[in-house]
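Coordinates in review
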Amino acid sequence: MANEVISADLLSNGGLVAELLAALVHEQIYDPTDLRAVCTRVPWTAGGSTTMAVTSLPAPAAYATAAETVAIANSAFTTSEYTLTAARYGRAYEVTDLVSVAGSPVDLQVLAGNLANGMSITISNLIAALFPSVSSQVGTSGVDLSVDDMYDAQFTLNSASAQPVYTAVLHPVQMNDFRSSLRGETGAMQFSPASAEQLATKGPGFQGAWNGINFWQSDQVSSSGGNRLGCMFAEGAFAYSEAPVSLLQGHIPADRVIMNAGELLIELTRDAAHAETQAMAHYYPAVALCEQARAVEIATDA
């Protein structure tokens, strides 16, 4: 037989194309953990500064004894403060008109969705970046995280009178090391993995509970000197604020805004001369370590 119509000939002669885009779009894996869930939210107050101070009241103290006719002297009531400074964060994607003409599945809606998902990653990165500034530390450099490290962190917080329930935010490597160490433990104290209901309430990243500690996992936990720098803390250790993007609306024409999510604004910019459209995300978060005694850093092998 001869003159068969074969795919190789059609491919070279215009009868076939090398590839077609499928209707399905695959999203690459990423960690969507949002650490705002474990921090104190402070509503943003616009009062003529990018920095907002939060007053920290002194702890109550025991009364002094005094004889019946002796006056009790005034005691000092010394306050302190922590500050939240809003800073500009953003990301932009730009797409040409020819991309749409060609029928690409990558359009402005896809780009805007990708930008929106980056907001929780940004704030989680900022929160995790505070962990190395915690003064108390447990763990051994270059050594895998163990159950003993978690006890040490818990004891440190208890000694400082930081009240449970405690939260531990660990890198995936640290979480794996903890689970590996836990396998060698005996006794009635068991790790309780996150249920479907807990995940629905707390969001992705929550791993479960053990010994009065809620465990979260985030790949935003930083590293230094060959160690991952996680953290265990009590409620009120960390705070965040987000300036509402409604404050920007007087500067941005309404017809250019394609997403207004309260704390996130995405606008379009058109460059007609180059036949390009840019999607730009605007975000103004602030984070702070509120009180050193409420947290302990967990530095273990990366």
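Residues numbered from 1 in each chain as written. Predicted model: local features only at pLDDT ≥ 70, side-chain atom pairs only at ≥ 80, totals over all residues. Heavy atoms only, no water.

1. Description of the pairing of strand E9 (residues 213-217)
- Within E9, five of the five residues are buried, which leaves it mostly tucked inside the rest of the structure.
- In E9, alternate side chains face the same way, and those of Ile213, Phe215 and Gln217 on one face and Asn214 and Trp216 on the other are all buried.
- Pairing between strand E6 (residues 166-170) and E9: five bridges, direction parallel. Opposite Thr167, over in E9, you have Asn214 as the bridge partner.
- Here strand E8 (residues 206-210) runs beside E9; their pairing, made up of four bridges, is antiparallel. Considered in E9, the bridge of Gly208 is made with Phe215.
- The hairpin formed by E8 and E9 contains two residues between the paired strands, and Asn211 there has a positive phi angle of roughly 55°. (Buried < 20%, exposed > 50% of the residue type's maximum accessible area, 1.4 Å probe, protein only. Helix = DSSP H or I, 4+ residues; strand = E, 2+ residues; numbered from the N terminus. Pairing = 2+ DSSP bridges.)

2. Describing helix H4 (residues 147-159)
- Taking 1.5 Å of rise per residue, the 13 residues of H4 would be expected to cover 18 Å, and the 18 Å separating its terminal C-alpha atoms lies within 8% of that figure.
- Following H4 by one or two positions, Ser161 adopts a phi angle in the positive range, close to 65°. (Expected span 1.5 Å × (residues − 1).)

3. Concerning the sheet that holds strand E13 (residues 257-260)
- Reading across the sheet, the four strands line up as E4-E15-E14-E13 and stay open at both edges, with antiparallel pairing between neighbours. On the outer flanks of this sheet lie strand E4 (89-96) and E13, each paired with one strand and no other. Across the sheet, the mean angle separating the axes of adjacent strands is 15° when strand polarity is ignored.
- Across the sheet, helix H3 (residues 108-128) is in contact with E4, E13, strand E14 (264-271) and strand E15 (276-283); its angle to E4 comes to roughly 160°. (Axes fitted to C-alpha atoms, helices over the stretch in contact; angles between N-to-C directions. Contact = heavy atoms within 4.5 Å.)

4. Some words on the side chain of Ser120
- As for its position among the elements, Ser120 is in helix H3.
- The exposure class assigned to Ser120 is buried, which follows from its relative accessible area of 13%.
- At a separation of 3.5 Å, a polar atom in the side chain of Ser120 contacts the main-chain carbonyl oxygen of Asn117. (Polar contact = N/O pair within 3.5 Å; in protein donor to acceptor, adjacent residues only side chain to side chain.)

5. What about a nonpolar patch on the surface?
- On the surface, Val5, Leu10, Leu11 and Leu16 cluster together to form a nonpolar patch covering roughly 350 Å² of accessible area.
- Here Leu16 lies in the loop between helix H1 (7-13) and strand E1 (40-41).
- For Leu16, a relative accessible area of 40% translates into the label partly exposed. (Patch = residues over 30% accessible without salt bridge, like charges linked within 9 Å, V, L, I, M, F, W, Y side chains within 5 Å. Areas by Shrake-Rupley, 256 points an atom, 1.4 Å probe, with all protein chains shown as cover. Salt bridge = Lys/Arg side-chain N within 4 Å of Asp/Glu carboxyl O.)

6. Here's the deal with the sheet that holds strand E12 (residues 238-242)
- Across the sheet, which stays open at both edges, the three strands sit in the order E1-E12-E16 with mixed pairing between neighbours. In this open sheet, the two edge strands, each paired with only one partner strand, are E1 and strand E16 (285-289).
- Two strands pair when backbone bridges link them, and E12 and E16 are joined in this way by five bridges, in the antiparallel orientation. Within the sheet, the bridge partner assigned to Phe238 lies in E16 and is Leu289.
- The strands touched by H3 are E12 and E16; relative to E16, the strand with the most contacts, the crossing angle is about 25°.

7. Things to note about the pattern of salt bridges
- Applying the stated criterion across every chain, the model contains five salt bridges.
- For Glu242, the salt bridge goes to Arg36, with nearest N and O atoms at 2.7 Å. One end of the pair, Glu242, is in strand E12; the other, Arg36, is in the loop between H1 and E1, and 206 residues separate them in sequence.
- When its relative accessible area of 16% is taken as the criterion, Arg36 is described as buried.
- Residue Glu267 is joined to Arg256 by a salt bridge in which the shortest nitrogen-to-oxygen separation is 2.8 Å. Taken together, the residues Glu267 in strand E14 and Arg256 in the loop between E12 and E13 connect sequence positions eleven residues apart.
- Overall, the relative accessible area of 8% leaves Glu267 in the buried class.

8. Quick word on the layout of surface pockets
- Estimated volume of the largest pocket: approximately 620 Å³.
- Among the secondary structure elements, those contributing two or more residues to the lining of the largest pocket are E4, H3 and E15.
- Of all the elements, H3 adds the most residues to the lining of the largest pocket, at ten residues.
- Of the residues belonging to the lining of the largest pocket, the class tally is 14 nonpolar, nine polar and two charged. (1 Å grid on protein atoms, 1.4 Å probe; cavity = no way out; pocket = protein on both sides within 12 Å on 5 of 7 lines; lining within 4 Å. Points joined across faces, edges and corners; volume = space filled by probe spheres on them. Nonpolar A, V, L, I, M, F, W, Y, C, P; charged D, E, K, R; others polar.)

9. Observations regarding H3
- Here H3 contains 21 residues, and its C-alpha end-to-end distance of 31 Å stays within 8% of the 30 Å for a straight helix at 1.5 Å per residue.
- Every buried residue of H3 is listed here: Leu111, Ala112, Leu115, Met119, Ser120, Ile123, Ser124, Leu126, Ile127 and Ala128.
- Of the surrounding elements, those touching the buried residues of H3 are E4, E12, E13, E14, E15 and E16.
- The N-cap residue of H3 is Asp107: its side-chain oxygen and the backbone nitrogen of Gln109 are 3.2 Å apart.

10. Comments concerning the packing of aromatic side chains
- Counting across every chain of the model gives ten aromatic pairs.
- Measuring from centroid to centroid gives 5.4 Å for Phe178 and Trp210, while their planes differ by 70°, and the two rings are edge-to-face. In this pair, Phe178 sits in helix H5 (residues 172-182) while Trp210 sits in strand E8, placing the two residues 32 residues apart along the sequence.
- For Phe178, a relative accessible area of 0% corresponds to the buried category.
- Using a relative accessible area of 2% as the deciding quantity, one classes Trp210 as buried.
- Each ring, one from Phe178 and one from Phe215, has its centre 4.7 Å from the other, and the planes form 20°; the classification is stacked. Of the two residues, Phe178 sits in helix H5 while Phe215 sits in strand E9, which places them 37 residues apart along the sequence.
- Counting every residue linked through ring pairs, the aromatic cluster contains Tyr151, Phe155, Phe178, Phe191, Trp210 and Phe215. (Phe/Tyr/Trp six-rings, centres within 6.5 Å; stacked < 30°, edge-to-face > 60°.)

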